[in-house]
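Below are the chains, spelled out letter by letter.
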Amino acid sequence: MSSSAKSEAVLALHRFGMGPRPCSVAAIEADPRGALLAELERPPAYPAAASALPSSAKAFRTVADANAKRQAKVVVAKRAQEEAKKQQMAAAPMAPMMTEGAGQGDPDMAAKAAAESVPDPGRGIYLEEAKLRTQAAFGADIGFVERLVWFWSNHFCISADRIQSMSGAYEREAIRPHVLGRFADMLLAADGHPAMLLYLDNTVSMGVNSIAGINRSRGLNENFARETLELHTLGVGAGYTQDDVISFANVLTGWTLVPAGGDPEHGGEFSFNPRLHEPGAQKVLGKAYDQEGVDQGRAVLADLAVHPATATHLATKLARHFIADTPPPALVERMAKVFLDTSGDLKEVAKTMITSPESWAQPPGKLKRPSEWVVGIVRACGITESDPKRFTAGQALLGEPLWRPSSPKGYPDDEASWIDGIGRRLDVANNFAERVAGKVDPNDVIENVLGSCVSADVRDAVGRAESRQQALALLFMSADFQRR
Amino acid sequence: MSCNRHLPTRREVLAGSGALFAWTQMPRLARAAGRDPRMLVIILRGALDGLGAVAPVGDPDWIGLRGDRALVLDGKTPALPLDSFFALNPAMPNLHRLYKAQQAAIVHAVATPYRERSHFDGQDVLESGVARPGAVDSGWLNRALAALESDGRVNLGGSRAIGVGSVMPLVVRGKAPVMSWVPQRLLPASDDTQARLLDLYQHTDPKLAVALQSRIRLAALGGTGNADTAMADGPSLALPGIERIRAYFAEAAGAAARFLARTDGPRVGALGFVGWDTHINEGAAVGQLYNLLGALDGALAAIETNMGEAWHETVVAVITEFGRTARINGTDGTDHGQGTVALLVGGALQGGRVIADWPGLKAAQLYEARDLKPTTDLRAVLKGLLRDHLRLDESVLASTVFPDSADVRPMAGLLG
């Protein structure tokens, strides 16, 4: 096989996949594009253990139950403390408070101890979800579909800082089933998901003329409507007005979730609450929507999903993520056209990206995001499992904590946002290299993982390194692993 | 292309990342004899400059060789005198104190039988105990234990894994079971690794070079690059490079000692410290080598402290794959060489001596006119320790532990 065929295979794995593993170059070098298209037809199954994980609603209830128990323990502890204090005062009214017993005598301490006795189950659920997600990335032959999951999950991001318990289930429920389906379905699944409604404050939004709005003198929260227009669909500057935002926010009032508490079998699911909903027709982007209840919101989302501005916004973002910070306009136009022609068939859009010459003509100049990079170096060593605590700590250290972006915009995709973190990457590479140096031969990685497609400079640096560990650290830090 | 090479399973990666090797049962004969010896091997990867660590200040050619980079007794930061001929790098006051207390010995102009200059191959020879690189996949310390076991003197069955961490050195890999432990701290990338990466970026990726350079500059100012947020239980990166290296060395070595000190703990351990490949700006009484030796000195102090009572039954051997050029190179550093030092410390030693068959420093006396000529085979030192401390049989040492070394006689008299 020629070296250019090999290097196209390496590029395919880095640019569209999770990075080369031992022998994956050999497996696809005959036809890298065909291999990517084939993965779209037969996407790898998500780890079966996911079926044992709680649904988002169940996870939500589990945390709510723990919170309630913890609260009760605090109350009991405080009561007991006050009782003890009273008795002590009655027994020896003049005695000064014993300082040595202060640890037990301090009501705050007792409350804290009580609270600590009921740990937050959300963290454990998060780590279990993280473990499977990372496993899927390690285990995929190429990982193109998994990269699409990562892309869309970031596009429709929520934050585990707000709703840790649901963050993994949200991705499984709202994103994963639709990455090769219709965008309209994903939009409805994501924007109708309780995690999103909580994250973007829609659960507290109510129409000023709704029953609840009148009774409680409360009203609208525009956050969800604005972010849906700006981030999820049309894109900023697409021509919508403040009136459109308000009307759309009115449309979306009542989209909330079933509260936890009353019923052990229910709570945390999506629910449309008509008492919160602003009555009457709304006009969004010049079109009147006179549907009743939840159908009104569904109708607006269905139109937004196939809007030309949405097509351009999503095509640009996809091409920027996969191909280049400044993507080739011809590629973006072609992907946007396919999006519109197919009413948002995401598999067809992905195929268009793979079959477009522009997607391959770009030199590997894109700086990988931290999680792509770190998954890439682990895969290169042939490792298929990791400790989720350690792995997510690494992601956080690198500035990309899993499901925890700092804003609804998600993690950025441009080099400027990430390049200053190169020092952190060096720390991680160095540490990881130390852990695997006993078993991983850097020259093996160059030959069997990178198909010998590395520059002479990298080869020299690896050859001259003072130790295997240093050789591996330099290799992991080289542009061959950092850029795609 | 060959795709059938062995790649590690998760288990192997986990097991392979340990730093310690152990048996949990004491040698029966040793116990019967009232002894309970401990041995810790520290591998300095990258090739320690033996002349920069222990300087032959009494050699008339010394100053001529190193010029103002030579350690001297009357410098601004004077070297610490060991005897009438040798002096220790001032970064190592603990080692000096132990030496004065007869609890440290230094072997100079020592080297393995390896005479090429590749780090990987040199470390392979150093740790495998076999003169030819790449010959076996086990280390001499592991084979020594296996020999004790077959003798019925050690029960390895009780060995247990104790965690995951830094790389398990080849010296302890092999048939006998291994337990491992991970330092909590992230070992920071060394200045040397940063410099090499910067060089690579300058040739291949100017933008990454600029980004890395600004981080290095920031670190030099004592900054940390970025605030450490969202890492409540994560590794701390708050300290500048050398402080983190010092902390890492002390933690790793101190933990090893804590395990070795336990009555039911391991009796043999090994760990590796990287960063000794000082091609550029090596320094002497200040700078890179001084900082690393200082960190090593701190590690030795941590071992002594954590060993407690067991210190008197302890030997620590600090060894490296080869030495460095006798002269300073064109970038204020030294390149790969041959003869170097082995540092031995521990309460069980008959110390207070520099052991050297000194080859001299005149050009004609140097190996290939460039390196300190090795006059002592490191295997003789190690065989001496294994025979007199762990009580290994000489014939086993010559056949399985250090194969084909019958003509290398164990050094006598190292133990007290």
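See the structure above.
Predicted model, so just to flag it, every value in this text is computed and none were measured.

Criteria and cut-off values
Residues numbered from 1 in each chain as written. Chains lettered and ligands numbered in written order. Predicted model: local features only at pLDDT ≥ 70, side-chain atom pairs only at ≥ 80, totals over all residues. Helix = DSSP H or I, 4+ residues; strand = E, 2+ residues; numbered from the N terminus. Buried ≥ 20, exposed ≤ 12 C-beta atoms within 10 Å, placed from the backbone. Contact = placed C-beta atoms within 7 Å. Pairing = 2+ DSSP bridges.

Turning our eyes to something else, we now look at the overall build of chain A. Along its length, chain A carries 27 helices and 4 strands. Across its three principal axes, chain A shows a C-alpha extent of roughly 90 × 65 × 35 Å. When burial is assessed residue by residue, chain A has 51% of its 484 residues classed as buried. The long-range fraction of contacts in chain A, counting pairs at least 24 apart against all pairs at least 6 apart in sequence, stands at 73%.

For strand β1 (residues 38-44) of chain B, the tally of buried residues reaches 7 of 7 residues, placing the bulk of the element in the interior. Burial along β1 of chain B is two-sided: the residues Arg38, Leu40, Ile42 and Leu44 of chain B and Met39, Val41 and Ile43 of chain B are all buried.

All names here are of chain B. Taken together, the 3 strands give an open sheet; going across it, the order is β2-β4-β3, and neighbouring strands pair in antiparallel fashion. Bordering the open sheet on either side are β2 (54-55) and β3 (80-81), each of which pairs with just one other strand. Of the strand pairs in this sheet, β2 and strand β4 (residues 87-88) are connected by 2 bridges, and their pairing is antiparallel. Its bridge partner being in β4, Ala55 is matched across the sheet by Ala87.

Time to look at unusual backbone geometry. Residues and elements named next belong to chain A. A positive phi angle is found at Ser343, which is not glycine, with a value near 55 degrees. Backbone geometry places Trp403, a non-glycine residue, at a positive phi of 55 degrees. Mapped onto the elements of the fold, Trp403 is located in the loop between α21 (388-397) and α22 (415-418).

Looking now at the pairing of strand β5 (residues 104-111) of chain B. All names here are of chain B. The element β5 is largely enclosed, with a buried count of 8 among its 8 residues. Pairing between β5 and strand β8 (residues 340-345): 5 bridges, direction antiparallel. Along β8, the bridge assignment pairs Val107 with Ala342. Across 2 bridges, the pairing between β5 and strand β10 (residues 376-377) is parallel. Among the inter-strand pairings, Ala111 is bridged to a residue of β10, identified as Asp377.

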